[in-house]
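Residues per chain, in single letters:
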Amino acid sequence: MSSYVTRKTPGDTEWFRHDRFGMFIHWGLYSMPSRHEWVKTNERIPEEKYDKYFKYFNPDLYDPKEWARQARAAGMKYVVLTTKHHEGFCMFDSQYTDYKCTNTPAGRDLVREYVDAFRAEGLRIGFYYSLIDWHHPEFPIDNLHPRRDDPDAEEKSKGRDMKKYAEYMRNQVTELLTNYGKIDILWFDFSYSGNTNPNKPWMRGKGKDDWEAEELIATARRLQPGIIIDNRTEIEQDLWTPEQYQPTAWVRHAETGELVTWEACQTFSGSWGYYRDEMTWKSPEMLIQMLINTVSVGGNLLMNVGPTSRGYLDYRAEAALAAYADWMKYNSRSIYGCTMAEPELLALCPNGCKFTQSEDGSRLYIHLYEYPFQYLELQGFAGKVDYAQFLHDGSELLFEENKISHFSEGRTASDNMLVIKLPVVKPKTLVPVIELMLK
Ligand code: GLC
């Protein structure tokens, strides 16, 4: 058994750590301007102008079954959709607002279709819910708000009642966790109470007290007891969520130093929402390495797609998912149920390789980032390995221990060396994996 113990939290995180790989979906009105999901505030777009998107939002090609099929093929085991992002627009039929998809040409509950489709493909269902809301009339004009530079911003913000907004959130979270069956993840986003504008002291950031986060969380737990909740309300829950960077070590609790359940969230390109002209798309190799790197330090990866406003995944997103599908079809055994290799093995990891190890400790996976010619030398491994094979095709890999015949004169096998003989040409898989059955 793995010797790593993660901090206990209220939600059911065991399946989550096993499954390792999920799909994030950022979809909303911002898919129409397709200039980042923050476009409303980045460009200070007034409500009347933003209403154009509401008026014309018509995802006529929305086919969540197709999304779900691609997610499953990519090896993703769970999914998290933006039911409401910072713009405030609701992708579900809420009775607490008119600002929802059912009142646009879309004319139907998009969250319902999403839930049904992904559930049918066997994925666990998550909801992202934005704490920030740039549409709600009671949400104060603060330093992230689209109206922050208006000359009468202070005037307009006066009388806005955060308590009413907090209640609105509780009502909506109640709807989301009541009307759609079992929900496994609730992903709140985000708090920034430390962020205050020195020139406009009334323009304060928001945190747990503003959200009435304690009550919000209690509501969610009452409705869905095992649900996994992230830490972004400013009240620590089940999930630590490093964003747009890859931790190089297992994430630890800031005070106790315990290992925690964590999930890196990442994008295929430089935006969460569909951004037509953004060109920094990650290469297939990078995408696969990001998944391996994450699991190699005990984390999960939540990889994002930003569907178009017509409701399909554009060709670049499809290609990125296909890269995962090609690799995961043959190599997922080094991901599911795997974690950081035991310290004594990790210390022996050769250059150009990344380890993961099965939870039960019986198998070690060596991911070959730099394909070696023609031998992989594993110092300290003699006597540890029962059998070795490539994971993608289950073909045996021969190895020698201590006595190493490929060495030319002048070099002898140092103690405990195990050498695996590899084919000269790298197998046709982006990152080949060696599976070692340990003794
Ligand atoms: C950030 C952004 C947001 C995105 C999220 C995903 O907090 O505000 O646009 O949804 O990260 O992690």
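Residues numbered from 1 in each chain as written. Predicted model: local features only at pLDDT ≥ 70, side-chain atom pairs only at ≥ 80, totals over all residues. Heavy atoms only, no water.

Colleague: Summarise the nonpolar core; cite the residues concerned and give the values.
Modeller: Core analysis: the biggest nonpolar cluster contains 95 residues, and Ile25, Tyr114, Phe118, Phe127, Trp211 and Tyr324 have the highest contact counts within it. The element that contributes the greatest number of residues to this core is helix H7 (residues 162-178), accounting for 7 residues. If near-sequence neighbours (up to four positions away) are discounted, Phe118 is found in contact with Met23, Ile25, Pro64, Trp67, Ala68, Ala71, Val79, Leu123 and Ile125. Membership of the second largest hydrophobic core comes to 21 residues, among which are Cys353, Ile366, Leu376 and Leu438. (Core = buried A, V, L, I, M, F, W, Y, C linked by side-chain atoms within 4.5 Å. Buried < 20%, exposed > 50% of the residue type's maximum accessible area, 1.4 Å probe, protein only. Helix = DSSP H or I, 4+ residues; strand = E, 2+ residues; numbered from the N terminus. Contact = heavy atoms within 4.5 Å.)

Colleague: Give a description of the packing of helix H10 (residues 284-296) against helix H11 (residues 315-331) that names residues and reports values.
Modeller: At a minimum axis separation of 9 Å, H10 and H11 run at an interaxial angle of 60°. Viewed along their axes, H10 and H11 adopt a mutual orientation that is oblique. When you trace H10 past H11, the crossing you get is right-handed. Along the contact surface, H10 presents Pro284, Leu287, Ile288, Leu291 and Ile292, while H11 presents Ala320, Ala323, Tyr324, Trp327 and Met328. Class assignment for the residues of the contact of H10 with H11 results in 10 nonpolar, no polar and no charged. (Axes fitted to C-alpha atoms, helices over the stretch in contact; angles between N-to-C directions. Parallel < 35°, antiparallel > 145°, perpendicular 65-115°, else oblique. Left-handed = near helix turned anticlockwise from the far one by under 90°. Nonpolar A, V, L, I, M, F, W, Y, C, P; charged D, E, K, R; others polar.)

Colleague: Break down the pattern of salt bridges for me, citing the residues and quoting the values.
Modeller: If you walk through the whole model with that rule in mind, you get 29 salt bridges. Its salt-bridge partner being Arg72, residue Glu121 comes within 2.8 Å of it at the nearest N-O pair. Taken as a pair, Glu121 in the loop between helix H5 (110-120) and strand S3 (124-130) and Arg72 in helix H4 (residues 64-73) lie far apart in primary sequence, 49 residues in all. Arg72 gets classed as exposed once you look at its relative accessible area, which sits at 52%. Taken together, the shared-partner salt bridges connect Arg147, Asp150, Asp152 and Lys156 into one network. (Salt bridge = Lys/Arg side-chain N within 4 Å of Asp/Glu carboxyl O.)

Colleague: I'd love a proper account of a nonpolar patch on the surface, names of residues and values included.
Modeller: A cluster of nonpolar side chains, Phe373, Val424 and Val425, forms an exposed patch at the surface whose accessible area comes to about 350 Å². Tracing the backbone shows Val424 in the loop between strand S14 (418-421) and strand S15 (433-438). (Patch = residues over 30% accessible without salt bridge, like charges linked within 9 Å, V, L, I, M, F, W, Y side chains within 5 Å. Areas by Shrake-Rupley, 256 points an atom, 1.4 Å probe, with all protein chains shown as cover.)

Colleague: Describe the packing of aromatic side chains, listing the residues and the values that go with them.
Modeller: For the coordinates displayed, the defined rule picks out 30 aromatic pairs. Members of the aromatic cluster, each reached through a chain of ring pairs, are Trp27, Phe54, Phe57, Tyr62, Trp67, Phe89 and Tyr99. Looking at Lys40, its charged tip hangs above the ring of Tyr50, at a distance of 4.8 Å from the centre. Just above the ring of Tyr336 sits the side chain of Lys77; from NZ or CZ to the centre is 4.7 Å. (Phe/Tyr/Trp six-rings, centres within 6.5 Å; stacked < 30°, edge-to-face > 60°. Lys NZ or Arg CZ within 6 Å of the ring centre and 35° of its normal.)

Colleague: Got a sec to walk through helix H3 (residues 47-56)? Specific residues and values, please.
Modeller: Along H3, the residues that are buried comprise Tyr50, Tyr53 and Phe54. What you see down the axis of H3 is that its buried residues fit within an arc of 100°, all on one side. Across H3 from its buried face, at more than 90 degrees, point the exposed residues Glu48 and Lys49. In the core, the buried residues of H3 are packed alongside helix H2 (39-42). (Arc of directions from axis to C-beta.)

Colleague: Go over the environment of Leu345, please, and point to the residues and values.
Modeller: Note that Leu345 resides in helix H12 (residues 343-346). Separated by 121 residues in sequence, Leu345 and Gln224 place their C-alpha atoms 39 Å apart. The contact partners of Leu345, leaving out residues within four places of it in the chain, are Phe355, Gln357, Leu364, Phe381, Lys384 and Leu438.

Colleague: So what's going on with the site of the ligand? Residues and values would help.
Modeller: Around the ligand there are 14 residues in total, and His26, Glu37, His85, His86 and Glu243 lie nearest to it. Within the contact set of the ligand, an oxygen atom lies 2.6 Å away from a side-chain nitrogen or oxygen of Glu37. In the environment of the ligand, an oxygen atom lies 3.0 Å from a nitrogen or oxygen atom belonging to the side chain of Trp38. When the ligand sits alone it has 310 Å² of accessible area, and the protein chains cover 94% of it. Tallied by class, residues from the shell around the ligand come to 7 nonpolar, 3 polar and 4 charged. (Near = heavy atom within 4 Å. Polar contact = N/O pair within 3.5 Å; in protein donor to acceptor, adjacent residues only side chain to side chain.)

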